[in-house]
Structures are given as structure tokens and as C-alpha cells.
Amino acid sequence: YANSELLEGIKSVLPAGQVDLRVFFTDNKFANERRCLQTVVHQNFQGFIVDGVKASLLNPNLDCYREIYRRRIPVIFYNNYYKNLRYPWVIVNDKECADQLVGLLIQAGHRHIAGIFVYDNYQSIEKFQGTAAAMQKRGVEFQDDYIKWCVSNEAHDQRFARFIDRFLKGLPKYTAIVCCNYMIYRLVRRVLEEQGKRVPEDCSLVCFDYSGPDWEAEGITCSVHQGRQMGRLVATQLMTMIERRDCDDKNYTYVMKPKIYEGTSIRTL
């Protein structure tokens, strides 16, 4: 759903019948990204829109991007980007988002807050840092043992629910959980249901980047994934770069404000 919304946003900006849009899926794997880049770099594409692969790690494909830069082909990143490159990016202000979501939990009286985050994803690192900062800013003790880390692929794997179950059962006390994305949220809801716990009566939840269309029906307090708007932004910026023949970031980077929905998933203690 998130990808389809993003693509719809991109298509709404590109001139109809004048642009050939090709989509390549990396499955968040370096090897796939390299194959994609090596395939398309010689096919006379005029620009690239990229969601970085495992962007918090050192990427082994930067040589491909440097070759694209040498050819003066514009690139713009969204969600995840590589800090070693000169290209612009469009992202959500995830630290501000964390401050608002975690602030709502603390305002409701929560002090024992667990979090599940992805460590190979640039977005998730920002969410984690924002969560820790929000707690410290409000005088709530941050505890490492209350954070569960995983890799991106595990967030898509139903078997990871076993590890979430073990993690939550190992905590001395928790009243709320911060989920770093929609996939983690779905796994947490499943684990809580299997444990016989209700939301928000037994456990409060907040979620970053809720990418389903049903956040209101779900009643989840979350940041809503703004895929369509992000798609329009990256496409608009890229078209301007192509017209101006710019490859460097000349004020094309854009940081979006989070869209927060206050549902019914936080219990006031």
C-alpha cells in the first residue's frame, strides 16, 4: 500500500505520455540494488528516485552511485539516503515525530515504555534517537533493556513474533510499546492478542509510519505514512533537477512534518 501510494504520487507529477517510468524492487538487499544500478546506468535514464538499502550501514554500492554522478544523472532519495553522497533526499522528520508520539504516552502517565526498532534502516535509527530524547527531555529514565532491535527482513517475517513474545515476557514491567513501523505494529498486535492482552486496557501502543489505509478504524495513535505526498515531492524535485541539469543538492532536500493521528490506543494511567 505504501509503495502504491508513493507511485501514484510520482505519476501525478510526471507529464502524462511523456515520461517512461520504470520500477525496480531491491527487496532491501545490496546485491539486488547493485544489479538494478548496473542494469539501468547504461540505458540512458535521465533521473533516479531511490529508497536506500540498509542505509544505516556502509553501502558497498556507492561506486555505482559515483558512476551515475560522474555521468551527471540526477538522483533523489526518499525515506533512506546515503550520507556519503551529494544527492538530495525527501524524508519525514522522524525525531519530531517521536517527540510527539512518545510525548503523548508520557502525558498519559506512562513511564515503563518498550520499543521495537530496526537497526539497518536510517529512518528507524532516527525514530529510536527521537524516542530516547523525548523520554530524557521529560524526565523519564531510558533503559536499554526495554529496546528490542531487529533487521529489516525480520520485520516482514511472521516468525519474528516469537522473539517479540519472549522480549515482552522478559521485561519486569511495561505499560506501552513504541512500534517503529507498520509491519512491527502488526506483529506486536498479534503477540498481544496471543498473550490475552487488550489495547489499550492492558498495553498502550503507538506506531510510526502507519502505512495501511485504516488508521482511523484501527484506532491507533500513529504517524500516518504520507506516501502520496512524498511521491509528489520527490518527482517534483527530480523534474526540476533534470530541467536545470543539477546533480548536486542545491536546496532540493525536503524534510516533511509528521502527520499525527491521535486514536484510542493510549490508556491514561
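Structure shown above.
### Details of the sheet that holds strand E2 (residues 75-78)
Sheet strands pair by backbone hydrogen bonding; their relative direction is either parallel or antiparallel.
Item 1. On the basis of which strands lie adjacent, the open sheet formed by four strands has the order E1-E2-E3-E9 and parallel pairing. On the outer flanks of this sheet lie strand E1 (48-50) and strand E9 (254-256), each paired with one strand and no other. Here the strands of the sheet are splayed against their neighbours by 15° on average, with no regard to which way each runs.
Item 2. Here E2 runs beside strand E3 (residues 89-92); their pairing, made up of two bridges, is parallel. By the bridge assignment, Tyr78 is partnered in E3 with Val90.

### Some thoughts on a nonpolar patch on the surface
Item 1. Among the surface-exposed residues, Val19, Leu21, Val23 and Phe25 lie close enough to one another that they form a single nonpolar patch of about 350 Å² accessible area.
Item 2. With relative accessibility at 60%, the residue Phe25 sits in the exposed group.

### Re empty space enclosed by the protein
Item 1. Scanning the model with the defined rule gives three cavities of 30 Å³ or more in all.
Item 2. Of the voids in this model, the largest cavity is the one considered here, and its volume is about 60 Å³.
Item 3. Taken together, Val92, Cys97, Asp209, Ser223, Val224, His225, Gln226, Gly227, Met230, Pro258 and Lys259 make up the full set of residues lining the largest cavity.
Item 4. Mapped onto the lining of the largest cavity, the elements with two or more residues apiece are strand E8 (221-224) and helix H10 (227-244).
Item 5. Per-class residue counts for the lining of the largest cavity are five nonpolar, four polar and two charged.

Basis of the calculations
Residues numbered from 1 in each chain as written. Predicted model: local features only at pLDDT ≥ 70, side-chain atom pairs only at ≥ 80, totals over all residues. Heavy atoms only, no water. Pairing = 2+ DSSP bridges. Helix = DSSP H or I, 4+ residues; strand = E, 2+ residues; numbered from the N terminus. Axes fitted to C-alpha atoms, helices over the stretch in contact; angles between N-to-C directions. Patch = residues over 30% accessible without salt bridge, like charges linked within 9 Å, V, L, I, M, F, W, Y side chains within 5 Å. Areas by Shrake-Rupley, 256 points an atom, 1.4 Å probe, with all protein chains shown as cover. Salt bridge = Lys/Arg side-chain N within 4 Å of Asp/Glu carboxyl O. Buried < 20%, exposed > 50% of the residue type's maximum accessible area, 1.4 Å probe, protein only. 1 Å grid on protein atoms, 1.4 Å probe; cavity = no way out; pocket = protein on both sides within 12 Å on 5 of 7 lines; lining within 4 Å. Points joined across faces, edges and corners; volume = space filled by probe spheres on them. Nonpolar A, V, L, I, M, F, W, Y, C, P; charged D, E, K, R; others polar.

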